[in-house]
Amino acid sequence: MKHTIVLSLVALSVAIGCSGCQKNNYAGSWDSSPLDQKWSKATSQHFWWTSQGSQIAPYDYFTALELKDSQELFASNSHFDRLRYITVPEKSRMNPGGLPIGYVKNQVKVDGLDIMGMNCAACHTAKWKINGVDVLVEGGPSKGDTQNFLYELIDSMTQTLEQADKFDRFAKRVGGDPAALKAGLTKWRDRLVARKVRNPIPADNQPGFGRIDALTNIVNEVTAGSLGIPENAAVASAPVSYPHLWDAPQHDVVQWNGSIPNAGIGPALRNLGEVLGTFGSIEIDPKPGKLPNYPNTTAETKHLNAIEQDLWALSSPLWPEKLAPIDRAAADAGKPLFEHYCRACHLPIDRTDPGRRIFAQMHDVKTDRTLNDKLNRQVRTGKLMGTPKMLNPSTVFTEQDLPVNVLMNVVFGAFQAHKRDFALRPGIALNELMKTGKLPSLGQLFDSLDGDVKQGVADFQITAEQLKQAYQMTGNTPPTATNNYKARPLNGIWATAPYLHNGSVPTLAELLKTDTERVKEFYVGSWVLDPIHVGISDVAEEGGVHHYLFKTNLTGNSNSGHNFGTRLTADQKKQLIEYIKTL
């Protein structure tokens, strides 16, 4: 991969290039059906296995553990297949344990041990089987079951500690002093148990395949874990589908409800928060009257910057017509229907334009409001009380505040401590902004940019007013209570089922029915794409894997709302779906 200089939207920044990229030796069957997403194989491998600071367990411990009540290795491909993570056929230099996509060996050791963690690719790489052919979608939503991964890992560790024969096999694989191994395994098991306790889920409503209550997990880790206030933890009862990542850097806000600004230093804050939600950690040490600055975090900030650079180049996947032809006559007839019924919210973009910019269309279309309601609760601020929220030293925390304000303070503190790793120059930008109300020019570093990136950054540069608004949203002005969700462009949407933010509608065909007519229960977990209705195949079992039964009557699972296009005729609906395949 080239070392390419990329500019932050606040000021000039230098992204860290791909260190250690190599020729991709992963040869899945999807190589026969490339989707032209503008990534080289080296870029894909860099995204799959670059560590970001998630710390789950020592690497050698993890690869030596057996499943509960079995001698099958926890890290076996067959087990990860059952959890619906994407496995690989062989080991490589970047993936020495042959773990699935997104399960990585961290660069930073802990107590002299290599550590295994997750990165974004675990939840944001999709696999589909289309007419018998496996197709990989870079940046697509995974079907991985993170919740049961955690629970099963805790069970595996616990039984290994309690059963002598199981521990003996584990110790033999790892090597070293058995007493030290037992103490180490206990430490890491207890760390995961504490995380499980901080993030309780309803007994009758697990997230299932491809979903997690991401924001609640992140907020709980910060407000209950890092702040040390257990009562701040909320039940993780608002699961959402993993979003797709193409065009993520180009969005003005991220998260399904647009709660996290993506302008300026937003990408850095977004990625730091993601680490804290995926087994990362941070120590909060606020100082009265001082801007937040928290250097002690597991986040590997240089790598976060490099992964973000990967995403700038990612393009949405084109429908694989060689595997499932598009009815072009129907698609042509569907275009005016899209223009009439969909375009106002789902703005079209040029997927090939490096300067594409996406402004969120935030609307209340009467979909499930559990996610939004949970973010408008209050949490205790503890040691943060009386300290600056974020950029304005005169705006301080009181005894209670919104969880998103605490979260933004913490990730900004990590950013402040490691800003050199993001090569940001906030002093230059902020001084210029305060003097003139305008951002500084991009300057001579333009000469170092590749042509496409240069044009993209020039087209993408935000105004000073937008920057001010982003700062207000991230700590100085509390958000208002709404039930708005973000309507995204629909390029590549075929590869992202099930639909709506909470994954409550299995296919595009179901989405075009009124919410009272939509299916109330369906199974999630199949990798088989329904190419006619465009979405997941509703089957209870596949290859011995029992799928998750999604029930729309449970809290957070409602499939109500978004009643658009429901009055079209059956032929018109088919035409609209065929056109959406072309986006």
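Residues numbered from 1 in each chain as written. Predicted model: local features only at pLDDT ≥ 70, side-chain atom pairs only at ≥ 80, totals over all residues. Heavy atoms only, no water.

### Some details on the sheet that holds strand S3 (residues 115–118)
Part 1: Taking strand neighbours across the sheet as the criterion, the 3 strands line up as S1-S3-S2 in an open arrangement whose pairing is antiparallel. Edge positions in the open sheet fall to strand S1 (57–58) and strand S2 (103–105), since each of these has one partner strand only.
Part 2: Pairing geometry for S1 and S3, over 2 bridges, is antiparallel. Among the inter-strand pairings, Ala-57 is bridged to a residue of S3, identified as Met-116. (Pairing = 2+ DSSP bridges. Helix = DSSP H or I, 4+ residues; strand = E, 2+ residues; numbered from the N terminus.)

### Points about the packing of aromatic side chains
What characterises a pair of aromatic rings is the spacing of the ring centres plus the angle enclosed by the ring planes.
Part 1: Applying the stated criterion across every chain yields a total of 17 aromatic pairs.
Part 2: Centre to centre, the rings of Phe-80 and Tyr-103 are 5.0 Å apart; their planes meet at 55°, and the pair counts as tilted. Here Phe-80, found in helix H3 (residues 77–82), pairs with Tyr-103, found in strand S2; they are 23 residues apart in sequence, far enough to count as distant. With respect to class, Phe-80 is no different from Tyr-103; both count as buried.
Part 3: Cluster of aromatic residues (ring-pair linked, three or more members): Phe-62, Phe-74, Phe-80, Tyr-85, Tyr-103 and Phe-149.
Part 4: Lying over the aromatic face of Trp-527, Arg-84 brings its terminal NZ or CZ to 4.4 Å of the ring centre.
Part 5: The ring of Phe-279 carries the charged tip of Arg-195 above its face, separated from the ring centre by 4.4 Å. (Phe/Tyr/Trp six-rings, centres within 6.5 Å; stacked < 30°, edge-to-face > 60°. Buried < 20%, exposed > 50% of the residue type's maximum accessible area, 1.4 Å probe, protein only. Lys NZ or Arg CZ within 6 Å of the ring centre and 35° of its normal.)

### Things to note about the pattern of salt bridges
Part 1: Counted under the stated rule, the structure contains 25 salt bridges.
Part 2: Asp-114 serves as the salt-bridge partner of Lys-109, at 2.6 Å between the closest nitrogen and oxygen.
Part 3: Take Asp-114: its relative accessible area is 22%, and that puts it in the partly exposed class.
Part 4: Taking the shortest distance from any N to any O, the salt bridge between Lys-389 and Asp-401 comes out at 3.0 Å. Pair noted here: Lys-389 is in the loop between strand S11 (379–380) and strand S12 (400–401) and Asp-401 is in strand S12, with a separation of 12 residues, a long-range link. Both residues of the pair, Lys-389 and Asp-401, belong to the buried class.
Part 5: Within this structure, Glu-66, Asp-165, Lys-166, Arg-169 and Arg-173 form a network of salt bridges that share partners. (Salt bridge = Lys/Arg side-chain N within 4 Å of Asp/Glu carboxyl O.)

### Looking at the confidence of the model for the protein
Part 1: Averaged over all residues, the pLDDT of the protein equals 83, while 83% of them reach at least 70.
Part 2: A low-confidence stretch, residues 1–32 stays under pLDDT 50, and its non-local contacts, those more than four residues away or across chains, total 106 contacts.
Part 3: Under a pLDDT of 50 for its full length, residues 424–479 has, in the predicted model, 97 contacts with residues more than four places off or in other chains. (pLDDT = per-residue confidence, 0-100. Contact = heavy atoms within 4.5 Å.)

### A word on the nonpolar core
Part 1: With 58 residues, the main nonpolar core has Phe-47, Trp-128 and Trp-494 as its most contacted residues.
Part 2: Examining the composition of this core, we find that 4 residues originate from one element, helix H18 (residues 570–581), more than from any other.
Part 3: Excluding residues that lie within four positions of it along the chain, Phe-47 makes contacts with Trp-39, Asn-119, Cys-120, Ala-121, His-124, Thr-125, Leu-245, Ile-307, Asp-310 and Leu-311. (Core = buried A, V, L, I, M, F, W, Y, C linked by side-chain atoms within 4.5 Å.)

### Thoughts on the side chain of Gln-55
Part 1: Within the fold, Gln-55 resides in the loop between helix H1 (41–49) and S1.
Part 2: Apart from the residues lying within four places of it in its own chain, the contact partners of Gln-55 are Asn-106, Val-110, Ile-115, Met-116, Trp-188, Arg-191, Phe-279, Gly-280 and Thr-298.

### Observations concerning the environment of Leu-73
Part 1: In this structure, Leu-73 sits in the loop between helix H2 (59–64) and H3.
Part 2: For Leu-73, a relative accessible area of 31% translates into the label partly exposed.
Part 3: Taking the C-alpha atoms as reference, Leu-73 lies 9.1 Å from Phe-62; in sequence the two are 11 residues apart.
Part 4: Ignoring anything within four residues of it in the chain, the contact list for Leu-73 reads Thr-63, Ala-64, Leu-65, Glu-66, Leu-67, His-79 and Arg-173.

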